[in-house]
Amino acid sequence: MAESGQLWSDPVEIVNGMQLLPGFADSQSLYTEIQSLVQQAPLRHMGTRRGFTMSVAMTNCGDLGWVSDRQGYRYSPIDPDSGQPWPDMPNALKELARDAAQLAGFANFSPDACLINRYVPGAQMGAHQDRNERDRTQPIVSVSLGIPARFFVVIDNPADDKKSVAVDLSDGDVVVFGGAARMCSHGVRKLKAGHDPLWGEARWNLTFRHAG
Ligand code: MD6
Ligand code: FE
């Protein structure tokens, strides 16, 4: 990215291993890519092992997609709704994830999975760990688009019981989650109503992983 006229600010460490790159992603250019991806593999509300339905609508692109149903969570090369492979991960998305990871100190990040989440007001994501990826030395790169959301990370500090750190993520913000933070529990608080000129009354999130 250009030295002059950059619209993003320097990385900020939220907790050890979790860096925020404020405004790093170009929301406008991602909009068209995402519209095309959700036409190929429509958003859906997945079920859980316990029989709940997630409030967040999801789809994927890349060689592997994250899926959940009565059998639990896993990665699959096939979209279970269509029986077809997930759409290819567009190069622009791959490069964004790679550049963000590099800036946060993770060279050669090669995502093979991108989970696309859409939240409407009232939707949330409970505390969870991302543990279905084989190689945990690779970070997860997360891109927030549309209306802001409160993200939280649980810090397991034996001296301090369980403490959570909150960060409000706005349109274009990128989080790189790796190293010491890679296995921390985290989630998204119930989305508040809002309006974004491009994305409307919704928050979108892309998480890039090396899953295979
Ligand atoms: C979200 N993000 O921001 C959900 N996971 O909508 C995640 O669950 C997440 O942002 C792993 C690493 C970064 C994340
Ligand atoms: Fe996660």
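Look up a bit, the structure's there.
Residues numbered from 1 in each chain as written. Chains lettered and ligands numbered in written order. Predicted model: local features only at pLDDT ≥ 70, side-chain atom pairs only at ≥ 80, totals over all residues. Heavy atoms only, no water.

Undergrad: Hey, could you run me through the coordination of the iron ion (ligand 2) in this one?
TA: Under perfect tetrahedral coordination by four donors, a metal shows angles of 109.5 degrees; under perfect octahedral coordination by six donors, it shows angles of 90 or 180 degrees. Each protein donor to the iron ion (ligand 2) is listed here as H128 (NE2), D130 (OD) and H186 (NE2); together their distances run 2.1 to 2.2 Å. In the primary structure, the donors to the iron ion (ligand 2) are separated according to the pattern H-x1-D-x55-H. Look at H128 and you get partly exposed, because its relative accessible area is 22%. (Donors = N, O, S within 2.8 Å, 3.2 Å for Na, K, Ca; no water. Buried < 20%, exposed > 50% of the residue type's maximum accessible area, 1.4 Å probe, protein only.)

Undergrad: It is not clear to me how the site of ligand 1 should be interpreted in this structure. Could you clarify?
TA: The immediate surroundings of ligand 1 are formed by 13 residues, with Y119, H128, S142, H186 and R203 found nearest. Contact distances for ligand 1 include 3.2 Å between an oxygen atom and a side-chain N or O atom of N205. Relative to its unbound accessible surface of 340 Å², ligand 1 loses 99% to contact with the protein. Counting residues per element, the ones that place at least two in the shell around ligand 1 are β7 (125-128), β8 (140-146), β12 (186-188) and β13 (203-209). When residues of the shell around ligand 1 are assigned to their parent elements, the largest contribution, three residues, is made by β13. (Near = heavy atom within 4 Å. Polar contact = N/O pair within 3.5 Å; in protein donor to acceptor, adjacent residues only side chain to side chain. Areas by Shrake-Rupley, 256 points an atom, 1.4 Å probe, with all protein chains shown as cover. Helix = DSSP H or I, 4+ residues; strand = E, 2+ residues; numbered from the N terminus.)

Undergrad: It is not clear to me how helix α2 (residues 91-103) should be interpreted in this structure. Could you clarify?
TA: Over its 13 residues, α2 runs 18 Å from end to end, which matches the ideal 18 Å to within 8%, given 1.5 Å per residue. For α2, the complete set of buried residues consists of L93, L96, A97, A100 and A101. Projected down its long axis, α2 carries its buried residues within an arc of 125°, all on one side. Turned more than 90 degrees away from the buried face of α2, the exposed residues are N91 and Q102. (Expected span 1.5 Å × (residues − 1). Arc of directions from axis to C-beta.)

Undergrad: Quick question: what am I supposed to make of the side chain of N205 here?
TA: With respect to the element layout, N205 can be found in strand β13. For N205, a relative accessible area of 5% translates into the label buried.

Undergrad: Can you walk me through the environment of G172 in this structure?
TA: Here G172 shows up in the loop between β10 (162-169) and β11 (174-177). Each C-alpha atom of the pair G172 and L21 lies 8.8 Å from the other, and the pair is 151 residues apart in sequence. Sequence-distant contacts of G172, that is, excluding residues within four places in its chain, are made with L21, G23, F24, A25, S144 and L145. (Contact = heavy atoms within 4.5 Å.)

Undergrad: I would appreciate a short explanation of the sheet that holds β7 in the present structure.
TA: Each strand in a sheet pairs with another by means of backbone hydrogen bonds, the pair being arranged parallel or else antiparallel. Read from one edge to the other, the open sheet built from four strands follows the order β7-β12-β9-β10, with strand pairing classed as antiparallel. The open sheet terminates on both sides in strands that have one partner only, identified here as β7 and β10. Within this sheet the neighbouring strands show an average axis-to-axis angle of 15°, counted without direction. Alignment of strand β9 (residues 149-156) against β10, held across eight bridges, turns out to be antiparallel. (Pairing = 2+ DSSP bridges. Axes fitted to C-alpha atoms, helices over the stretch in contact; angles between N-to-C directions.)

Undergrad: Where do I start with the environment of G212 in this structure?
TA: With respect to the element layout, G212 can be found in the segment after β13. Separated by 64 residues in the primary sequence, G212 and P148 place their C-alpha atoms 31 Å from one another. Discounting residues that sit within four places of it in the chain, G212 has contacts with L64, D112 and R134.

Undergrad: How should I be thinking about the nonpolar core in this particular structure?
TA: Generally speaking, a soluble globular protein has its nonpolar side chains buried in company with each other. Residues M18, M58, W66, Y119, F151 and F177 are the most contacted members of the largest nonpolar core, which totals 32 residues. Among the elements of the structure, β2 (18-21), β4 (65-69), β6 (113-119), β9, β10 and β11 are those that each provide at least two residues to this core. Discounting residues that sit within four places of it in the chain, F151 has contacts with M18, V165, A166, V167, L169, F177, H186, G187 and V188. By size, the runner-up hydrophobic cluster in this structure holds 30 residues, among which are L21, A25, V176 and A202. (Core = buried A, V, L, I, M, F, W, Y, C linked by side-chain atoms within 4.5 Å.)

Undergrad: Would you take a moment to explain the packing of aromatic side chains for this structure?
TA: Aromatic ring pairs are reported here in terms of the distance separating the ring centres and the angle at which the planes meet. Enumeration according to the criterion identifies four aromatic pairs in this entry. A centroid spacing of 4.9 Å and a plane angle of 75° characterise the contact between Y31 and W199, whose relative ring orientation is edge-to-face. Of this pair, Y31 sits in helix α1 (residues 27-40) while W199 sits in the loop between β12 and β13, and the two are 168 residues apart along the sequence. Of the aromatic side chains, those joined through ring pairs into one cluster are Y31, W199 and W204. Cation over ring: R203 sits above Y119, and NZ or CZ is 5.0 Å from the ring centre. (Phe/Tyr/Trp six-rings, centres within 6.5 Å; stacked < 30°, edge-to-face > 60°. Lys NZ or Arg CZ within 6 Å of the ring centre and 35° of its normal.)

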